[in-house]
Amino acid sequence: MSTKRLYEIFYEVSRTVNSSLDPGEVLNRIAEQVTRAMGVKGCFIRLLDRGGKVLKPAAQYGLSERYTRKGVVEVAKSGLDREAFTGKVVQIADAGTDPRFQYGKEAAAEGLASVLVAPMFVEGSRPIGVLRVYTGERREFGPEETDFLQAIANISAIAIENARMHQTLKRQMELINAYDYQVFED
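Residues numbered from 1 in each chain as written. Predicted model: local features only at pLDDT ≥ 70, side-chain atom pairs only at ≥ 80, totals over all residues. Heavy atoms only, no water.

(A) Geometry of the side chain of S114. Mapped onto the fold, S114 is located in the loop between α5 (104–110) and β5 (115–122). Within the local environment of S114, its side chain forms a polar contact with the backbone oxygen of A93, the two atoms lying 2.8 Å apart. Filtering out sequence-adjacent residues up to four positions away, S114 remains in contact with I92, A93, V133, Y134, T135, E137, R138, R139 and F141. (Helix = DSSP H or I, 4+ residues; strand = E, 2+ residues; numbered from the N terminus. Polar contact = N/O pair within 3.5 Å; in protein donor to acceptor, adjacent residues only side chain to side chain. Contact = heavy atoms within 4.5 Å.)

See the structure below:
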């Protein structure tokens, strides 16, 4: 894919991030855009639970319901994700046989071959999740594609953090308004 085309798609994803404060909607649209842009079979965005031990599904595109519900992704059991959380984009040529991939048998049954994973960080170094793309055939991702996926993971992390802050502020305003109403009633 040309650098110009990747830039155009990055611009579209950036617009998507700014189009809504609903994280589910934004992440689903990002997963679809990334899948189409990179010409891959599917995309999965997973976010860490509060304990930082489990990657929970947040959005996906192009993958079967069976595959998306295959089981819990535990960071301790997923060498792929542990490696990504060191701060680099990680490639796997064959998800069905690579021991770093927690669900190799399920990936093979889904018809997945290569995987590219970008970490999602906020505040510089705090991991919040991963953005994964999957191919149906073996594929070597080039530097432009890995840089592109990391850039998308970065703006996705910003979108998630903005949505979380918005929700927190909204709840605080509702509490303040409820308090103000109660004061005037007394």
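(B) Local environment of the sheet that holds strand β6 (residues 126–134). Pairing in this open sheet of 6 strands is antiparallel, and the strands run β3-β2-β1-β6-β5-β4 from one edge to the other. Either end of the sheet is taken by a strand with one partner, and the two such strands are β3 (73–74) and β4 (90–92). Both β5 and β6 contribute to a ladder of 8 bridges, which runs antiparallel. Across the sheet, V122 pairs through a bridge with R126, a residue of β6. Contacting β1 (42–48), β2 (54–61), β5 and β6, helix α2 (residues 23–38) runs over the sheet at an angle of about 65 degrees to β2. (Pairing = 2+ DSSP bridges. Axes fitted to C-alpha atoms, helices over the stretch in contact; angles between N-to-C directions.)

(C) Spatial organisation of α2. Here α2 contains 16 residues, and its C-alpha end-to-end distance of 22 Å stays within 8% of the 22 Å for a straight helix at 1.5 Å per residue. Considered for burial, the residues of α2 that qualify are V26, L27, I30, A31, V34, T35, A37 and M38. Remark: G39 follows α2 within two positions and exhibits a positive phi of approximately 60 degrees. (Expected span 1.5 Å × (residues − 1). Buried < 20%, exposed > 50% of the residue type's maximum accessible area, 1.4 Å probe, protein only.)

(D) Here's a closer look at the nonpolar core. Residues V34, M38, I45, M120, L131 and V133 are the most contacted members of the largest nonpolar core, which totals 30 residues. Of all the elements in the fold, those that place two or more residues in this core are α1 (3–17), α2, β1, β5, β6 and α6 (143–185). Dropping the residues within four chain positions of it, L131 is found in contact with V34, C43, F44, I45, L116, V117, A118, M120, L149, I152, A153 and S156. Judged by nonpolar contacts, the second largest core, of 21 residues, contains V73, L80, A95 and L112. (Core = buried A, V, L, I, M, F, W, Y, C linked by side-chain atoms within 4.5 Å.)

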